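Secondary and tertiary structure notes
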Amino acid sequence: MVGRIYMSFCVLLLIVIIVSMVYFVASKGLANFISGRVSLTDFLFGTKWAPEAATPSFGALPFISGSFLVTLLAALIASPLSICAALFMTEIVPGWGKKLLQPVIELLSGIPSVVYGFVGLSVIVPFLRDTFPGQGIGVAAGALVLSVMILPTITSVAADALSSLPQNLKESSFALGATRWQTISRVILPTTMPAIMTGVVLGMARAFGEALAVQMVIGNAPFVPRSLFESASTLTSVITLSMGNTTMGSTLNNALWSMALVLMLMTFVFVLLVRMLERRNKI
Amino acid sequence: MQFRKSWIMALALTSVVALSACGNSNNAATNNGGNNAAATNTPTESSSGADLSGSILASGSTALQPLVELAAESFMDANSGVDIQVQGGGSGTGLTQVSEGQVDIGNSDVFAEEKLKDADAAKAEALVDHQVAVVAISAVSNPDAGVDSLTKQQLVDIFTGKITNWSEVGGADQAIQIINRPSSSGTRATFEAFALGTKTEDLQGSVQEDSSGTVKKMIGETPGAIGYLALSYLDETVKTINYDGVEPSVDNVVSGDYPVWAYQHMYTNGEPNEVVKAFLDYMLTDEVQNGDVVELGYIPASAMQVSRDVEGNVTAK
């Protein structure tokens, strides 16, 4: 009885916290639009971000596009690597392959993001600067750092999906005379694709919300980048850069909360996507 | 059925409570609300300061944080009844929290009037300024740029994108890469106000970083980079650039010859209470001004031979 009451209390508290957080971010994020100091279309589609100018403008399109750009690029780089790693661990050499790869990949998820940022700044940025035009800092550096950070998420979800595949599917395929490669490409990957996509979406959600590591290597210029090697910003990087310097209730501060609201709404979209994929996975 | 109904009722009730609580504390998101209560009910039995007790909470500028922390430690050693907590969060956060009474002292790199504008101007008026140190900022470049000195006009042209190659100002044939601060940064505001004399807009492809350590690393490693750093961060990995021929040295700042500097402010909401006042007075004693302040690379506010008001007018002291 006591346990039940305690559990109910915890659940209730959790719900209250979530509801109040959503309310808080929404009320702060919408303040500028309600008071009419910034129009919603200017915010979402404006390309000029100059909060301290004589006539301030609060166009957040550079940050929104930057966030999507690095997230998609990171997913593009990380997904093939992760899926190969998962296949290696479950299908190719399940024994020592798993023993070797699993701890290494779990280790990746435990490294603090500031370390990723610093490694990015010390290794990836100079490499890009020497190899490609531009200063090394920019979208490509951000996407590379992020792709390493989301590897463990995609790999572990994909590996779980692959190892939970019914054994008889594979055995039937082999019995029909299919080679291992044919079994993997025609049977295993198509049947587990929705579950693997869940991992990819979870990885993208992580990439979309990551702040510190990206902020250190992306350059944070408030512009839509013209090339992969040009400085750009993400929603998270501009929030972390400016939040402490602004006073609560100012237009700039509220504009930052609007970006937080965009981030939160995007997280809802990612969660929704994962839910839909899971439902498809069951059938 | 009965059970379900009660659950829904409970849920609805708690949501309502949560929402109303949110409404009240709308501005207290980063609150430390409870902590400052102790500071206001300090016993006031002696004025000698020997038996001080109470607690002080300070927040704000990360540039000022190490100095206040260091001074707080020695102050607490001398006054065992006093407990001082120093938090960062940025100048904007410090000013917000002190004007809302969440902390006793708000640390800021800029005058409160510059951050609390328009609708918040009344809040700035209620704040009392205590200037404890001075930070000077110097333009710095990558050592390979080959330029020792820049005039004000040259700096303006560089930071507005008119000059894009170091050869145009007598340096190496190397494209200029600007390493800036975010437009809300206090360091950038100081540099723009006193070195450039004008606000600049961000340029496509410019780089913005907010930690001085990262800025220094970037300038040191990126060919053709230019940026600005507080004097305490300067070392041989970056090239210090003279401003209109004046070297950014402590002596030149103190005498008023080098103009790119700003006060470090510790704001209180109205006149401080006895404990806070004792601590602020301690910050201005020779022990701190010539000790901790100098040690950490700031310039003592007491040594300055000139003073500057919020409009930027400089007068001899």
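What counts, and where the lines are drawn
- Residues numbered from 1 in each chain as written.
- Chains lettered and ligands numbered in written order.
- Predicted model: local features only at pLDDT ≥ 70, side-chain atom pairs only at ≥ 80, totals over all residues.
- Heavy atoms only, no water.
- Helix = DSSP H or I, 4+ residues; strand = E, 2+ residues; numbered from the N terminus.
- Contact = heavy atoms within 4.5 Å.
- Areas by Shrake-Rupley, 256 points an atom, 1.4 Å probe, with all protein chains shown as cover.
- Phe/Tyr/Trp six-rings, centres within 6.5 Å; stacked < 30°, edge-to-face > 60°.
- pLDDT = per-residue confidence, 0-100.
- Buried area = accessible area lost by both parts, 1.4 Å probe.
- Salt bridge = Lys/Arg side-chain N within 4 Å of Asp/Glu carboxyl O.
- Polar contact = N/O pair within 3.5 Å; in protein donor to acceptor, adjacent residues only side chain to side chain.
- Buried < 20%, exposed > 50% of the residue type's maximum accessible area, 1.4 Å probe, protein only.
- Patch = residues over 30% accessible without salt bridge, like charges linked within 9 Å, V, L, I, M, F, W, Y side chains within 5 Å.
- 1 Å grid on protein atoms, 1.4 Å probe; cavity = no way out; pocket = protein on both sides within 12 Å on 5 of 7 lines; lining within 4 Å.
- Points joined across faces, edges and corners; volume = space filled by probe spheres on them.
- Nonpolar A, V, L, I, M, F, W, Y, C, P; charged D, E, K, R; others polar.
- Expected span 1.5 Å × (residues − 1).
- Bend = angle between axes of the 7 residues up to and from the residue.
- Pairing = 2+ DSSP bridges.

For chain B, the count of helices and strands is twelve helices and 14 strands. Counted over contacts in chain B with a minimum sequence separation of 6, partners at least 24 positions apart contribute 72%. Total accessible area on chain B is roughly 13700 Å²; 50% of this is exposed by carbon and sulfur atoms.

Counted under the stated rule, the structure contains 16 aromatic pairs over all chains. Residues Phe132 of chain A and Phe229 of chain A carry aromatic rings whose centres are separated by 4.5 Å and whose planes lie at 15° to one another, so their mutual orientation is stacked. Of the two residues, Phe132 of chain A is situated in the loop between α5 (113-131) and α6 (139-163) and Phe229 of chain A in the loop between α9 (212-218) and α10 (235-242); the sequence distance between them amounts to 97 residues. Aromatic pair Tyr243 of chain B and Tyr258 of chain B: ring centres 6.2 Å apart, planes at 80°, arrangement edge-to-face. Of this pair, Tyr243 of chain B sits in strand β10 (residues 242-243) while Tyr258 of chain B sits in the loop between α10 (250-255) and β11 (261-269); the two residues are 15 residues apart in sequence, bridging distant segments of the chain.

On to the confidence of the model for chain B, then. All names here are of chain B. On average, residues of chain B carry a pLDDT of 83, and 84% of them reach 70 or more. Of the regions scoring below 50 in pLDDT, residues 16-49 engages in 46 contacts with residues more than four places distant in sequence or in other chains. Under the prediction, the complex receives an ipTM of 0.81, its pTM being 0.83.

On to the interface of chain A and chain B, then. The interface of chain A with chain B comprises 42 residues on the first partner and 44 residues on the second. At the boundary of chain A with chain B, total buried surface from both sides reaches about 3600 Å², with 59% on carbon and sulfur atoms. Summed over the shared surface of chain A and chain B, the result is one salt bridge. Between Glu201 of chain B and Lys48 of chain A there is a salt bridge; the shortest N-O distance is 3.2 Å. For the pair chain A and chain B, the interface holds 13 residue pairs in polar contact (both at pLDDT 80 or more).

Residue and element names in this part refer to chain B. Looking at helix α7 (residues 152-159), one finds that the buried residues are Leu155, Val156, Asp157, Ile158 and Phe159. Contact partners of the buried residues in α7: β4 (127-141), β5 (149-150), β6 (177-180), α8 (186-196), β8 (225-230) and β10. Immediately downstream of α7, the backbone of Gly161 shows phi near 90°, a positive value.

What follows deals with the pattern of salt bridges. Residues and elements named next belong to chain B. Within this structure, the stated rule accounts for ten salt bridges over all chains. Between Lys239 and Asp148 there is a salt bridge, with the nearest N and O atoms lying 3.1 Å from each other. Of this pair, Lys239 sits in strand β9 (residues 239-240) while Asp148 is found in the loop between β4 and β5, placing the two residues 91 residues apart along the sequence. For Lys239, a relative accessible area of 26% puts it in the partly exposed group. The network of salt bridges with common partners includes Arg188, Glu192 and Asp202.

To continue, consider a nonpolar patch on the surface. On the surface, Tyr6, Phe9, Leu13, Ile17 and Met21 of chain A cluster together into a nonpolar patch covering about 550 Å² of accessible area. Its location among the elements puts Leu13 of chain A in helix α1 (residues 2-35).

Residue and element names in this part refer to chain A. All told, the structure shown has three cavities of 30 Å³ or more when counted by the stated rule. Roughly 80 Å³ of internal volume is contained in the largest cavity. At three residues, α10 tops the list of elements feeding residues into the lining of the largest cavity. Partitioning the lining of the largest cavity into residue classes produces eight nonpolar, six polar and one charged.

A separate point is the environment of Phe58 of chain A. Residues and elements named next belong to chain A. Along the chain, Phe58 turns up in strand β2 (residues 57-58). For Phe58, a relative accessible area of 9% corresponds to the buried category. Among all residues touching Phe58, those that are not within four sequence positions of it are Val38, Asp42, Phe43, Lys48, Trp49, Pro51, Thr251, Leu252 and Ala255.

It is worth spelling out the confidence of the model for chain A at this point. Mean pLDDT for chain A: 91, with 99% of residues reaching 70 or above. Averaged pLDDT values for the elements of chain A fall to 88 in helix α4 (residues 96-110) of chain A and rise to 95 in α1 of chain A.

Once that is clear, we can look at unusual backbone geometry. Residue Asn220 of chain A is not a glycine yet carries a positive backbone phi of 65°. On the secondary structure map, Asn220 of chain A appears in the loop between α9 and α10. With a phi close to 55°, Asp244 of chain B is a non-glycine residue in the positive phi region. Looking at the secondary structure, you find Asp244 of chain B in the loop between β10 and α10. For Asp244 of chain B, a relative accessible area of 43% translates into the label partly exposed.

Taking 1.5 Å as the rise per residue, helix α8 (residues 180-209) of chain A with 30 residues should run 44 Å; its terminal C-alpha atoms sit only 38 Å apart, a clear shortfall. Of all the bends in α8 of chain A, the greatest, near 60°, is centred on Met193 of chain A, and the proline Pro194 of chain A appears no more than four residues after it.

Residues and elements named next belong to chain B. Burial of the side chains of strand β3 (residues 105-108) extends over both faces: Ile105 and Asn107 are buried on one face and Gly106 and Ser108 on the other. Relative to β3, strand β1 (residues 54-60) runs parallel, the two sharing three bridges. Residue pairing for β3: Ser59 is matched across the bridge by Gly106. Sheet analysis places β3 next to β11, joined by three bridges and oriented antiparallel. Residue pairing across strands places Ser108 opposite His265, the latter belonging to β11.

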